[in-house]
Amino acid sequence: MRKYLITQEHEAELQPARGNHSHLTSRAHELLSRVTPQQNRQETELEEAQKGMTVHILRRSTTRVRRETSSNKLGAKFTKFKPRKNTQNQLADSHASVCRAAQSSMRTSPRLLCVATPQKNTGQNAEEEPSPAASEQKAEPSAAEKLLAEEKAKLEDQLRDMSDKYKRALADAENVRQRSQKLVEEAKLYGIQSFCKDLLEVADILEKATESVPKEEIKDENPHLKSLYEGLVMTEVQIQKVFKKHGLLRLDPVGAKFDPYEHEALFHAPVEGKEPGTVALVSKMGYKLHGRTLRPALVGVVKEA
């Protein structure tokens, strides 16, 4: 009976402690419910940090291997990079160690995890941000790139020179073609120039022969002279037709303005009723072949009295 009473007294004394224990238990459950979403979020951030760190390590190792390859092979124009097995194993080991360390820190204390996550992110950002020295190293091209750039510049200069020479050669060829074509056309037109010059003497003789026959002597009583005169006139007319057919035209500048390109002045004399500077007398007829003066006309020019 006494034992029961003592237990009951102890129960009465322990009742407040039990109430405090239940309160603490509910408070702990409430804190755990608050910590669990935050812990999930921190786990996600930690996984992202691990992935970023792995990518950064891969980039740095790739850059280092490429630099070693380019320094060993300066003359190579193209370099293929293949990561080595040792590098891959080291990267895998480093990734696994990072994962184990993160899991152990997450198990020990959520509060430490909250503090460690920003530090990890800060460290990752510091590693991702390139230092000025690294940026300068990246900006400086390698020896192979310099050689390729110099060779490219030389080839571009040669290309410009060859293009310029090619264009000049085309222009020269076109000029030669046009000049040759013009010479051929002129040869076709003026190839008979010397032959025509010789025939002009024959035409002059025929003209003088017909002019020397007196008109009063051409009668039926003198049939031989009449026939000879008519034959000379017909010959002169026919030779002028042949001249005209081949582009040789006769110039009769009586009364025309004196032209130094078509006329040759033998004398100047005052003539009443005629304007000064005009042709008053033609001593010898002139001829033009396709617009070019073959023989200027010998003329007398009127001058002021």
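Keep in mind that this is a model prediction, so the values were computed, not measured.

K.L.:
Account for the pattern of salt bridges, naming residues and giving values.
P.N.:
Side-chain pairs of opposite charge can arise where the charged atoms are in close proximity. If you walk through the whole model with that rule in mind, you get 7 salt bridges. Across the pair Asp-204 and Arg-295 runs a salt bridge whose closest N-O atoms are separated by 2.7 Å. You can see Asp-204 sitting in helix H6 (residues 193-212) and its partner Arg-295 sitting in strand E5 (residues 292-295), a full 91 residues away along the chain. The exposure class assigned to Arg-295 is buried, which follows from its relative accessible area of 13%. Among the salt bridges present, the one from Glu-207 reaches Arg-250, with a minimum N-O distance of 2.6 Å.

K.L.:
Tell me about helix H7 (residues 223-245), and name the residues and values.
P.N.:
Here H7 is 23 residues long and its end C-alpha atoms lie 33 Å apart, about the 33 Å a rise of 1.5 Å per residue gives. Of all the positions in H7, only Tyr-229, Glu-236, Ile-239, Gln-240 and Phe-243 are classed as buried. Where H7 terminates, the next one or two residues include Gly-247, which has phi positive at roughly 85 degrees.

K.L.:
I'd like a description of unusual backbone geometry, backed by residues and values.
P.N.:
The phi angle at His-290 is positive, at roughly 55 degrees, despite the residue not being glycine. Checked against the element boundaries, His-290 lands in the loop between strand E4 (286-289) and E5.

K.L.:
How would you sum up the packing of H6 against H7? Please name residues and give values.
P.N.:
The N-to-C vectors of H6 and H7 enclose an angle of 150 degrees; their axes lie 9 Å apart at closest approach. For the pair H6 and H7, the sense of crossing is left-handed. Within the contact between the two elements, H6 uses Leu-199, Leu-200, Val-202, Ala-203, Leu-206, Glu-207, Ala-209 and Thr-210 and H7 uses Tyr-229, Leu-232, Val-233, Thr-235, Glu-236, Ile-239, Gln-240 and Phe-243. Looking at the contact of H6 with H7 residue by residue, the classes come out as 11 nonpolar, 3 polar and 2 charged.

K.L.:
Go over the sheet that holds strand E1 (residues 248-251) with me, naming the residues and quoting the values.
P.N.:
With antiparallel pairing, 3 strands are arranged side by side in an open sheet as E1-E4-E5. The sheet is open, and its two borders are formed by E1 and E5, each paired with just one other strand. This sheet shows a mean twist of 35 degrees between the axes of neighbouring strands, independent of strand direction. Of the pairings in the sheet, the one linking E1 to E4 comprises 4 bridges and is antiparallel in character. Across the sheet, residue Arg-250 finds its bridge partner in E4, namely Tyr-287. The strands touched by H6 within the sheet are E1, E4 and E5, with E5 carrying the most contacts at an inclination of about 55 degrees. Contacting E1 and E4, H7 crosses the sheet at an angle of about 120 degrees to E1.

Reading the values: the criteria
- Think of each chain on its own: its residues are numbered from 1, step by step along the sequence as written.
- Owing to the predicted nature of the model, reporting of local features is limited to residues with pLDDT of at least 70; listing and counting of side-chain atom pairs is limited to 80 or more, with chain, interface and lining totals taken over all residues.
- No hydrogens and no water enter the side-chain calculation; it runs on all heavy atoms of the structure.
- By salt bridge we mean one thing: a side-chain nitrogen of Lys or Arg within 4 Å of a carboxyl oxygen of Asp or Glu.
- Helix and strand assignments follow DSSP, with helices taken as H or I runs no shorter than four residues and strands as E runs no shorter than two, numbered in order from the N terminus.
- Each residue is placed in one exposure class: buried if its accessible area under a 1.4 Å probe, protein chains only, is under 20% of its type's maximum, exposed if it is over 50%, and partly exposed if it falls in between.
- One less than the residue count of a helix, multiplied by 1.5 Å, gives the span that helix is expected to have.
- Helix axes use the C-alpha atoms of the stretch in contact, all axes being lines fitted to C-alpha atoms, and the angles between their N-to-C directions lie in the range 0 to 180 degrees.
- Take the far helix as the reference: if the near one is turned anticlockwise from it by less than a right angle, the crossing is left-handed, and if turned clockwise, right-handed.
- Here, two residues are considered to be in contact whenever any of their heavy atoms come within 4.5 Å of each other.
- Under the convention adopted here, Pro, Cys and the residues Ala, Val, Leu, Ile, Met, Phe, Trp and Tyr are nonpolar, Asp, Glu, Lys and Arg are charged, and Gly plus all remaining residues are polar.
- For two strands to be treated as a pair, DSSP must find at least two bridges joining them.

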